[in-house]
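Structural overview for review
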Amino acid sequence: MKIYNSLRRQLEDFVPLNPEQVSIYSCGPTVYDYIHMGNARTALVTDIIRRYLVYKGYNVKLVQNLTDIDDKIINRAAELGVSAKQLAHQNGEAFFEDSQRLGIQPADVHPKATEHIPEMIDLIQILLDKGAAYVIDGSVYYRVNQFAEYGKLSNRKPEDLLAGARVEIDERKEDPRDFDMWKAVKPGEPSWESPWGRGRPGWHIECSAMAMKHLGETIDIHAGGEDLQFPHHENEIAQSELATGTPFARYWMHVAFLKIDGKRMGKSEHNFILLRDALDNYPTEVIRHFLISAHYRHPLDYNRESLTKSEGALRRLNNCLDALKNYYEDIEPSHAVQEMKSQFTLAMDTDFNTAQALGAIFTLVGEVNKSLSTLDEAAAPVLAQAYQALTETCQVLGIYNTDTQIDDGDNVQQRDQMINLLLEIRQDARNRKDWETSDKIRDRLKELNIEIKDTREGTTWKIIS
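Residues numbered from 1 in each chain as written. Predicted model: local features only at pLDDT ≥ 70, side-chain atom pairs only at ≥ 80, totals over all residues. Heavy atoms only, no water.

1. Overview of the overall build of the protein chain
The secondary structure content of the protein chain amounts to 14 helices and 15 strands. Taken over the C-alpha atoms alone, the protein chain extends approximately 85 × 50 × 35 Å along its principal axes. Within the protein chain, the proportion of its 465 residues that are buried is 51%. Contacts in the protein chain between residues at least 24 apart in sequence constitute 76% of all its contacts with a sequence separation of at least 6. For the protein chain, the computed accessible surface area is about 22,100 Å², with 47% contributed by carbon and sulfur atoms. Averaging the positions of the 54 positive and the 72 negative side-chain charges in the protein chain gives two centres separated by 4 Å. (Helix = DSSP H or I, 4+ residues; strand = E, 2+ residues; numbered from the N terminus. Buried < 20%, exposed > 50% of the residue type's maximum accessible area, 1.4 Å probe, protein only. Contact = heavy atoms within 4.5 Å. Areas by Shrake-Rupley, 256 points an atom, 1.4 Å probe, with all protein chains shown as cover. Lys, Arg positive; Asp, Glu negative; His and termini not counted. Charge placed at Lys NZ, Arg CZ, Asp CG, Glu CD.)

Below, the structure written as structure tokens:
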């Protein structure tokens, strides 16, 4: 199994520090607003990484933080006339609600920054004691020049390290690149007691402290959006590794931007689609399919055409699986099923390539549909294997839920899906000029009091009494 490690910019064999448990830290949202589809892509990729590692037999501990104190939260709260605490709580709950709707399994721990102030103060004190930080008027700054490897994650030269860093301009700092770990209190802002006076933590120290508290000084996988690579993750490394003297994370994974009209989707660009709005318009599985239809390190463009393709793909998948539900056999897997599972595993073992994994799944769906079109009872064992293999792999990706309960009110919808599946298979047969199969499906449906009619606009059906 190989993972692309952003730190060394290459595919590397995945060897966890502790074979008994894989540790993952994923940077969660700054809860000043609802999350958008770009945020959701990063969260979903982390969800699938964890699902696949569990599928492979690993025990996994996933920590995903919530940044619930930050300049953005304070500023937005002031605009809305509410407290920063109230705004952060409200949007934090909305994040959990939206994540659940997207089928994202909760992390093992969701630490909040405001609940880890003592750990942050302790970490800052260690850096002060080592001469890697200094105090100015109640604020504490990290000395970038004390960490010789600063810039190793983003691969930036010293003269480029200010570009995009969003470092506050402060003439008092020893070096323009130095960043704050503790901010002295300002009127009207939330604050906590510290050895340097009242204040609040800087963004970067929050993740270092929370990751180390819940996962230890060295973690296996640190994941986040590619926009966090610099300065956030670069600064996490600098703080953590100088404090502990050990590597902070063994594998760094960064998820590419979601784009809209060719531009990065983001709140600062004012072109974002909220996840909850997307979920109001499309089923969960369609959104998930769309978000994993490209490899996580490749940009993905949000548009109606792509979502329509995902809708069509999920319709084919659901129709196929619904038709297979009644097949139960316990025999050796067929070549087609073995090939699909092999290709699925190969794709996911190669840096979690969900696009290729989907390709393996839908190749088998196509072969299953051909088998169903023959209505051959001898194919039943193979179809049973296919159902088991497809549901197993689709649940790893979260695009099919076998736990969904169908009540009596859904029987009509299920019947309609089955009929539509048969008509799709019949149309495939007609396209191949396989008139025998086409006629067999028509005649069998007629025996079930379902009459079909071929027109220029397509095939229609109705139930006859």
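On we go.
2. Remarks on helix H3 (residues 84-101)
Because an α-helix completes one turn every 3.6 residues, residues spaced three or four positions apart along the sequence face the same direction. With 18 residues, H3 should cover 26 Å at 1.5 Å per step; its first-to-last C-alpha distance of 26 Å lies within 8% of that length. The inward-facing, buried residues of H3 contact strand E4 (60-64), helix H2 (71-80) and helix H7 (275-281). Trailing H3 by a residue or two, Gly-103 shows a phi angle of about 80°, which is positive. (Expected span 1.5 Å × (residues − 1).)

3. Notes on the side chain of Arg-200
Tracing the backbone shows Arg-200 in strand E8 (residues 199-201). For Arg-200, a relative accessible area of 4% corresponds to the buried category. Within the structure, Arg-200 has its side chain in polar contact with the side chain of Asp-71 (distance 2.4 Å). A polar atom in the side chain of Arg-200 sits 3.1 Å from the side chain of Glu-189. Every residue in contact with Arg-200, bar those within four places of it in the chain, is listed here: Ile-69, Asp-70, Asp-71, Ile-74, Trp-182, Lys-183, Glu-189, Pro-190 and Trp-192. (Polar contact = N/O pair within 3.5 Å; in protein donor to acceptor, adjacent residues only side chain to side chain.)

4. Structural notes on the packing of helix H5 (residues 203-215) against helix H6 (residues 229-244)
Where H5 contacts H6, the axes come no closer than 9 Å and their chain directions differ by 55°. For the element pair H5 / H6, the angle class is oblique. For the element pair H5 and H6, the recorded crossing hand is right-handed. Each of Trp-203, His-204, Ile-205, Cys-207, Ser-208 and Met-212 in H5 lies in contact with H6, whose residues at this interface are Pro-231, His-232, Asn-235, Glu-236, Gln-239, Ser-240 and Thr-244. (Axes fitted to C-alpha atoms, helices over the stretch in contact; angles between N-to-C directions. Parallel < 35°, antiparallel > 145°, perpendicular 65-115°, else oblique. Left-handed = near helix turned anticlockwise from the far one by under 90°.)

5. A few points about unusual backbone geometry
With an omega dihedral of 10°, the bond running from Phe-230 to Pro-231 counts as a cis peptide bond. Examined against the element boundaries, Pro-231 turns out to sit in helix H6. Phi is positive for Asp-137, which is not a glycine, with a value near 50°. Tracing the chain through its elements places Asp-137 in the loop between strand E5 (133-136) and strand E6 (139-142). The residue Lys-433 is not glycine, and still its phi comes out positive at about 60°.

6. Re the sheet that holds strand E12 (residues 263-264)
Pairing is mixed in the open sheet, where 3 strands are placed in the order E12-E11-E13. Every interior strand has two partners, whereas the edge strands, E12 and strand E13 (300-301), have only one. Here strand E11 (residues 258-260) pairs with E13 via 2 bridges, running parallel. Bridged to Leu-258 within E13 is Leu-300. (Pairing = 2+ DSSP bridges.)

7. Examining the pattern of salt bridges
By the definition in use, this model includes 32 salt bridges. Residues Arg-288 and Asp-47 are paired through a salt bridge, measuring 2.9 Å at the closest nitrogen-oxygen approach. One end of the pair, Arg-288, is in helix H8 (residues 284-291); the other, Asp-47, is in helix H1 (residues 37-55), and 241 residues separate them in sequence. On the accessibility criterion, Arg-288 (0% relative accessible area) is buried. Asp-47 gets classed as buried once you look at its relative accessible area, which sits at 1%. Across the pair Lys-325 and Asp-322 runs a salt bridge, and its minimum N-O distance is 3.4 Å. (Salt bridge = Lys/Arg side-chain N within 4 Å of Asp/Glu carboxyl O.)

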